[in-house]
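# Report on the structure
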Amino acid sequence: MEQRRVVVTGLGLICGVGNTVSEVWQGLLAGKSGMAEIKAFDLTGHPVRFAAEVKNFDPLQFIDKKEARKMGRFIHLAIAAADEAMKHSGLQVTPEIADRFGVHIGSGIGGFDVIEREHSAMLAGGPRKISPFFIPGSIVNLAAGHVSIRYNAKGPNEATATACTSSAHSIGDAFRIIQRGDADAMIAGGTEAAITPMGVGGFAAMKALSTRNEDPEHACRPFDKDRDGFVVGEGAGILIMEELEFARARGAHILAEVIGYGMSADAFHMTGMAPEGEGCFRAMSAALKVAGISPDKIDYVNAHATSTPLGDALESQAIENVFGDRATNGTLLVSSTKSMTGHLLGGAGGLEAGITIMAMLEQTAPPTMNIVELDPQCRLNYVPNKPQAAKIDYALSNSFGFGGTNGSLVFKRWTE
């Protein structure tokens, strides 16, 4: 059976750099940092005091006050991004198409804020003080659940929780759902809101975070020799994905085509990557195979690179192994926008898929900021410190997560 083609018709992005697609994209081109001292909670005793918080966000612009109180922040952010994406796409969900319209939104952690709040309430006043909305406000699939209710999406309704690969897997799985004919359109992506005392404190306890408390704007420095860990970010990235003929029939404005999706497992370590980035290599290779293109077709890679000493070097090595001379001679453009947005954990892949599509639309690779001196193990063209105009017809976006779970997505610039 011939597989159906899948296109992207809408984007919704929110992160520490901006609250809309336009704000995020313009901020990235300007090298704007989303990182600053944390405002969400008391920092007493915390060794890491900064993150990339979403700023000036009012969920009541999108959600009724009574309903908003029943939801974790990760749900608020998902709804905001889905609202922008749906408006951008112009898709109207009629009863005739509702059961062919689905939702697939991932999150690595879900309602961390709700879990912490309700645990404190129980300790202070006993089990009777636990809110009846504790569970539905915190479990991972409720972002997808609320979005499906909001848009009467009665088709497939799923959520992935695969650490920092969650939303890349959600987009890839939505791609396959449409390809095989189980839906005609999907809202897909991811969301995360883990800037909480336990969230930041937990990653700090692992020694995974940058400790540059005095200079948060320049703390996240992927590929730089002095990188010292990632910066926790929050936000959401949502794509509207449709079967090509379904989109054409309604006169949709098509932004890009999804053509490849690859997954792999490192099967190596709980938090560390396999030697030589072998698992990353297999995920990218699998995505290219599904796309039916050779590595030399890819013009831009949005790297997972979080600014950890080991991870950035191993991903760079994997990219070298996939793309060969084009990687090392600077022809292939590679950047980590986490240098500005921070690491959205389970929401990263959704945000970065949207950024990758914007790079193709604008024919511009966003920069990797804060590169002062490259790590000698990192030998690629990382678009250092300023954007680079370029011909970008094919692009790849990487996401890798704890547990050795990897995902790569391939997008093609849309031309009739």
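Residues numbered from 1 in each chain as written. Predicted model: local features only at pLDDT ≥ 70, side-chain atom pairs only at ≥ 80, totals over all residues. Heavy atoms only, no water.

The helix and strand tally for the protein stands at 13 helices and 14 strands. Overall, the protein is about 65 × 55 × 40 Å in size when its C-alpha atoms are taken along their principal axes. When the 416 residues of the protein are sorted by exposure, 61% land in the buried category. Once local pairs closer than 6 in sequence are excluded, the contacts in the protein between residues at least 24 apart make up 78%. (Helix = DSSP H or I, 4+ residues; strand = E, 2+ residues; numbered from the N terminus. Buried < 20%, exposed > 50% of the residue type's maximum accessible area, 1.4 Å probe, protein only. Contact = heavy atoms within 4.5 Å.)

What follows concerns the environment of Gly 201. For Gly 201, the location among the structural elements is in helix 7 (residues 197–205). A C-alpha to C-alpha distance of 9.6 Å links Gly 201 and Gly 45, two positions 156 residues apart in sequence. In this view, Gly 201 contacts His 46 and Thr 196; residues no more than four positions away in its chain are not counted.

Once that is clear, we can look at the side chain of Thr 368. With respect to the secondary-structure elements, Thr 368 resides in the loop between strand 11 (364–365) and strand 12 (388–389). Once you skip the residues sitting within four places of it in the chain, Thr 368 turns out to touch Pro 222, Phe 223, Val 334, Ser 335, Ser 336, Ser 339, Tyr 382, Val 383, Pro 384 and Asn 385.

Given 3.6 residues to a turn, an α-helix orients residues that are three or four positions apart in the same direction. The end-to-end C-alpha distance of helix 4 (residues 112–125), which contains 14 residues, comes to 20 Å, matching closely the 20 Å that a straight helix rising 1.5 Å per residue would cover. In the core, the buried residues of helix 4 are packed alongside helix 7. Gly 126, located one to two residues past helix 4, shows a positive phi value of around 90°. (Expected span 1.5 Å × (residues − 1).)

Okay, the pattern of salt bridges next. Following the criterion strictly, the structure yields 22 salt bridges and no others. In this structure, Lys 225 and Glu 373 form a salt bridge, with 3.9 Å as the shortest nitrogen-oxygen distance. Within this pair, whereas Lys 225 is found in the loop between helix 7 and strand 7 (235–243), its partner Glu 373 is found in the loop between strand 11 and strand 12, the two being separated by 148 residues in sequence. For Glu 373, a relative accessible area of 44% gives the class partly exposed. Between Glu 278 and Arg 282 there is a salt bridge, with its nearest N and O atoms 2.5 Å apart. In this pair, Glu 278 and Arg 282 both sit in helix 9 (residues 278–291), 4 residues apart, roughly one turn of the helix. Overall, the relative accessible area of 32% leaves Arg 282 in the partly exposed class. A cluster of three or more residues bridged by salt bridges with shared partners is formed by Arg 4, Arg 100 and Asp 184. (Salt bridge = Lys/Arg side-chain N within 4 Å of Asp/Glu carboxyl O.)

At a minimum axis separation of 9 Å, helix 3 (residues 73–89) and helix 5 (residues 142–151) run at an interaxial angle of 40°. Our classification of the angle between helix 3 and helix 5 gives oblique. The chirality of how helix 3 crosses helix 5 is right-handed. Contacts between helix 3 and helix 5 involve Phe 74, Ile 75, Ala 78, Ile 79, Ala 82, Asp 83 and Met 86 from the former and Leu 142, Ala 143, His 146, Val 147, Arg 150 and Tyr 151 from the latter. (Axes fitted to C-alpha atoms, helices over the stretch in contact; angles between N-to-C directions. Parallel < 35°, antiparallel > 145°, perpendicular 65-115°, else oblique. Left-handed = near helix turned anticlockwise from the far one by under 90°.)

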